[in-house]
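# Observations on the model geometry
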Amino acid sequence: MPFAIRNVGLSWLSLALVGTVLVTAGCSDSAADTIAAPDRGVVGLAMPTKGSARWIGDGENMVRQFTLLGYRTDLQYADDDVQTQIDQIDAMVERGDKALVVGAINGSALKDVLAKAAAADIPVISYDRLIRDSANVDYYATFDNYRVGVLQGAYIVDTLGLKRGRGPFNLELFAGSADDNNATFFFNGAMSVLRPYLGRGRLVVRSGQTSFAAVATPRWDGAVARQRMARILASSYGSARLDAVLSPYDGISRGILEAVKAAGYRGSRLPVLTGQDAELDSVKLIADGQQGQTVYKDTRELAKVAVQMTNSLLTGGTPEVNDTEQYDNGVKTVPTFLLQPVNVDRSNYQRVLVEGGYYTADQLAA
Ligand code: GAL
C-alpha cells in the first residue's frame, strides 16, 4: 500500500491546498509512507432552515471552505424551530467542537447555550443575523443590513418617479421576522427613504399599518405574507389600485405576488415589488417583469468572511472587522465585518448574477 491516509475526512484536493501535508510516497519505510493530514478539529455550523435556498448555499459554501483549511464540519439545520437550534448547539458544545458559527432563528434565545460554549472556551461567530442579549458572541459576519433596506426603499422611489413629483401612490409595507435583528435594520433602512414621501402624502398606506410590529412577518413566512396581503386588498382597496409593496425578502415577495395576482393584478398593473436574496425563483420573476427588484448578497463571500474569522480565532490571530459601532446586541457591541449588498433588477441581473457566476443561464431558463 503506497499511502496511509490518517484523516479520511479530507479530500486529496483539500490536502494539497492546505499545504501542510507530509508526503513521503515512494519510500519503502512503512512509517515514512504515512501522510499526516492536518486535523484542525470540528467546527459546528448551526443554520436556521433549509426552507430558503440561501441558507443551503451558506452551509455548503462554509463546509467547502472549512474543509480546504483542514477543518471538519458539523452542519445542522433547525427547521426554523428555536428549541431544535438550541439543542443542536448544545450537542456541538458537548462534543467539544472547536468553534461555532450560528445563523440564529431567534436572536435572543441562545443566551444559556452560549454561556455553556463560553465556559468550554468555544468561540462563537454570529452569521448573517446578530445574536442578541449574550456576552458570548465574539464576532459578527454580515452584510450592511441597513443599506439593504435603503436599496429597497430607493427602488420604490425611483420606479414610481416620486422624485419627479409623480404620485400620490398607494404603498403597503412588509417587514421580516421580529425576532431576527436584521428585520429591524432592513425596515429602518427602507423607511429612512420612504418616510419623507409618506409624510407629504405622496405615498399612502391605505391599510394604516405602518409600524414595524404591525407589518412584521413571523419566520419570514411567505404564506403568512400572502394571507396578510390578501386581507389588506380585500379590506382597504376596493376599486383603489395598489401601486407598490415594500417586501424585505424574496420568499415574502412571492407570497405577496400570489395574493395580488389572485386579486386580478396582471402585467403592467402589478405593483412595484422589492425583495432580497436573489433567490432563483425570484430572479426568474424579475426577468419576467413580475417582481421588480431583489437585493443580492453573495453568500460565497459571507461564507469566506465567517471562515476566515473562525480560522483566525483558532490560530491565535485577530479577525479583520470594518464596523465596531452599529451592532450592539444589548450586552456588547459585537465587532463586525460588513459586506456590501447589491441592487438587482431587470436591467442588471444578467451581468451581476449570470456573468458573476452566481447562476448559470440554464438555471434561469429552466
Ligand atoms: C435574514 C437574512 C435575509 C433573508 C431572511 C430570510 O436574516 O439576512 O437575507 O435570508 O433572513 O431568510
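Residues numbered from 1 in each chain as written. Predicted model: local features only at pLDDT ≥ 70, side-chain atom pairs only at ≥ 80, totals over all residues. Heavy atoms only, no water.

Just so we agree on the cut-off: UniProt positions are given in the numbering used here, feature names are shortened, and annotations may be inferred rather than shown by experiment.
For the protein, an unreviewed UniProt entry supplies the name Sugar ABC transporter substrate-binding protein and the organism Cryptosporangium japonicum. The UniProt entry for the protein carries the following comment under Subcellular location (unreviewed entry): "Cell envelope".

## Section: the pattern of salt bridges
Once the charged atoms of two side chains with opposite charge are near each other, the side chains can pair. Selection rule: We define a salt bridge as a contact between a side-chain nitrogen of Lys or Arg and a carboxyl oxygen of Asp or Glu at a distance within 4 Å.
Applying the stated criterion across every chain, the model contains 17 salt bridges. One salt-bridge network, held together by shared partners, links Arg54, Asp58, Asp128, Asp277 and Lys297.

## Quick word on the pairing of strand 6 (residues 124-127)
To keep things clear, this is the line we draw: Note on classification: 1.4 Å probe, protein chains only; a residue is buried when its accessible area is under 20% of the maximum for its type, exposed when over 50%, partly exposed between these limits. Secondary structure follows DSSP: runs of H or I at least 4 residues long count as helices, runs of E at least 2 residues long count as strands, and numbering of each begins at the N terminus. Whether two strands pair comes down to DSSP finding at least two bridges between them. Orient the strands so they point away from the viewer, and a crossover whose first-strand-to-second-strand path over the helix runs clockwise is right-handed.
Residues of strand 6 alternate between two faces, with Val124 and Ser126 on one and Ile125 and Tyr127 on the opposite face, all of them buried. Sheet analysis places strand 5 (residues 99-102) next to strand 6, joined by 3 bridges and oriented parallel. Note on strand 6: the bridge partner recorded for valine 102 is serine 126. Considered for its hand, the β-α-β crossover made up of strand 5, helix 4 (residues 111-119) and strand 6 is right-handed. As judged from the 3 bridges shared by strand 6 and strand 7 (residues 139-143), these two strands associate in the parallel manner. Paired with tyrosine 127 across the strands is alanine 141, a residue of strand 7.

## Overview of the site of the ligand
Rules: The rule for a residue being near a molecule or strand is that one of its heavy atoms must lie within 4 Å of it. Any pair of N or O atoms that falls within 3.5 Å is considered a polar contact. Within protein, one atom must be able to donate a hydrogen and the other to accept it, and sequence-neighbouring residues count only if both atoms are side-chain atoms. Computed with the Shrake-Rupley method and a 1.4 Å probe, the accessible areas treat only the protein chains shown as cover for residues.
Contacts to the ligand come from Arg54, Trp55, Asp128, Arg129, Asp180, Asn182, Phe186, Trp220, Tyr249, Gln276, Asp277 and Lys297. In this structure, an oxygen atom belonging to the ligand sits 2.7 Å away from a side-chain N or O atom of arginine 129. Residue asparagine 182 places a side-chain N or O atom 2.9 Å away from an oxygen atom belonging to the ligand. Computed on the free molecule, the ligand has an accessible area of 300 Å², of which 98% lies beneath the protein chains in the complex.

## A closer look at the sheet that holds strand 5
Convention followed: Every axis in this analysis is a line fitted to C-alpha atoms, fitted for helices over the stretch in contact. Angles between the N-to-C directions lie between 0 and 180 degrees.
Taken together, the 6 strands give an open sheet; going across it, the order is 4-3-5-6-7-13, and neighbouring strands pair in parallel fashion. Where the open sheet ends on each side, the last strands, each with one partner, are strand 4 (72-77) and strand 13 (336-339). Recorded for the sheet is a direction-independent mean angle of 15° between the axes of neighbouring strands.

## Considering the packing of aromatic side chains
Here is the rule: Stacked, tilted and edge-to-face are the three classes applied to pairs of Phe, Tyr and Trp rings, where Trp contributes its six-membered ring and a pair requires centres within 6.5 Å; stacked means planes under 30 degrees apart, edge-to-face means over 60, and tilted covers the rest. Two conditions define a charge sitting above a ring: the NZ of Lys or the CZ of Arg must be within 6 Å of the ring centre, and it must be within 35 degrees of the ring normal.
In total, this model carries 8 aromatic pairs according to the counting rule given. Summarising the aromatic geometry, the rings of tyrosine 140 and tyrosine 327 are spaced 5.0 Å apart at their centres and angled 80° between planes, so their arrangement reads as edge-to-face. In this pair, tyrosine 140 sits in strand 7 while tyrosine 327 sits in the loop between helix 11 (299-314) and strand 13, placing the two residues 187 residues apart along the sequence. The exposure classification of tyrosine 140 matches that of tyrosine 327, with both residues buried. Geometrically, the ring pair formed by tyrosine 296 and tyrosine 358 is edge-to-face, given 4.7 Å between the ring centres and 70° between the ring planes. Linking tyrosine 296 in strand 12 (residues 293-296) with tyrosine 358 in the loop between helix 12 (349-354) and helix 13 (361-365), this pair joins segments that are 62 residues apart in sequence. Following the ring pairs from residue to residue traces out a cluster consisting of Tyr140, Phe185 and Tyr327. Above the face of the tyrosine 237 ring, arginine 206 is positioned so that its terminal group lies 5.6 Å from the ring centre.

## Some details on the packing of helix 3 (residues 82-94) against helix 4
Counted only if it meets this: Reported orientations rely on four angle classes, namely roughly parallel under 35 degrees, roughly antiparallel over 145, roughly perpendicular from 65 to 115, and oblique for the rest. Should any heavy atoms of two residues lie within 4.5 Å, those residues are considered in contact. Charged means Asp, Glu, Lys or Arg here, nonpolar means Ala, Val, Leu, Ile, Met, Phe, Trp, Tyr, Cys or Pro, and polar covers whatever is left, Gly included.
In the contact formed by helix 3 and helix 4, the axes pass within 10 Å of each other and the chain directions differ by 10°. Between helix 3 and helix 4, the interaxial angle falls into the category roughly parallel. Listed contacts from helix 4 to Ile86, Ile89, Asp90, Val93 and Glu94 of helix 3 are Val113, Leu114, Lys116 and Ala117. Considering only residue class, the contact of helix 3 with helix 4 consists of 6 nonpolar, no polar and 3 charged.

## A closer look at the side chain of aspartate 180
Summarising the element assignment, aspartate 180 is placed in the loop between strand 8 (169-173) and helix 6 (181-199). Overall, aspartate 180 belongs to the buried group, its relative accessible area being 2%. Here arginine 129 takes part through its side chain, which lies 2.7 Å from a polar atom of the side chain of aspartate 180. Beyond its immediate stretch of four places on either side in the chain, aspartate 180 contacts Arg129 and Trp220.

## Quick look at the packing of helix 8 (residues 222-236) against helix 9 (residues 250-262)
To keep things clear, this is the line we draw: Less than a right angle of anticlockwise turn of the near helix away from the far helix marks a crossing as left-handed, whereas a clockwise turn marks it as right-handed.
Running from N to C, helix 8 and helix 9 point in directions that differ by 35°, and their axes come no closer than 7 Å. Crossing of helix 8 against helix 9: the hand is right-handed. Contact residues: helix 8 offers Gly222, Ala225, Arg226, Met229, Ala230 and Leu233, while helix 9 offers Gly251, Ile252, Gly255, Ile256, Glu258, Ala259 and Val260. By residue class, the composition of the contact of helix 8 with helix 9 is 8 nonpolar, 3 polar and 2 charged.

## Focus on unusual backbone geometry
The omega angle of the peptide bond from glycine 167 to proline 168 is 5°, so this bond is cis rather than trans. Secondary-structure assignment places proline 168 in the loop between helix 5 (145-160) and strand 8. Here the phi dihedral of aspartate 80 falls at roughly 60°; this positive angle occurs in a residue that is not glycine. In this fold, aspartate 80 is placed in the loop between strand 4 and helix 3. Looking at aspartate 80, the relative accessible area reads 24%, which means it is partly exposed. One non-glycine residue, tryptophan 220, adopts positive backbone phi at about 55°. In this fold, tryptophan 220 is placed in the loop between helix 7 (212-215) and helix 8. Judged by its relative accessible area of 11%, tryptophan 220 is buried.

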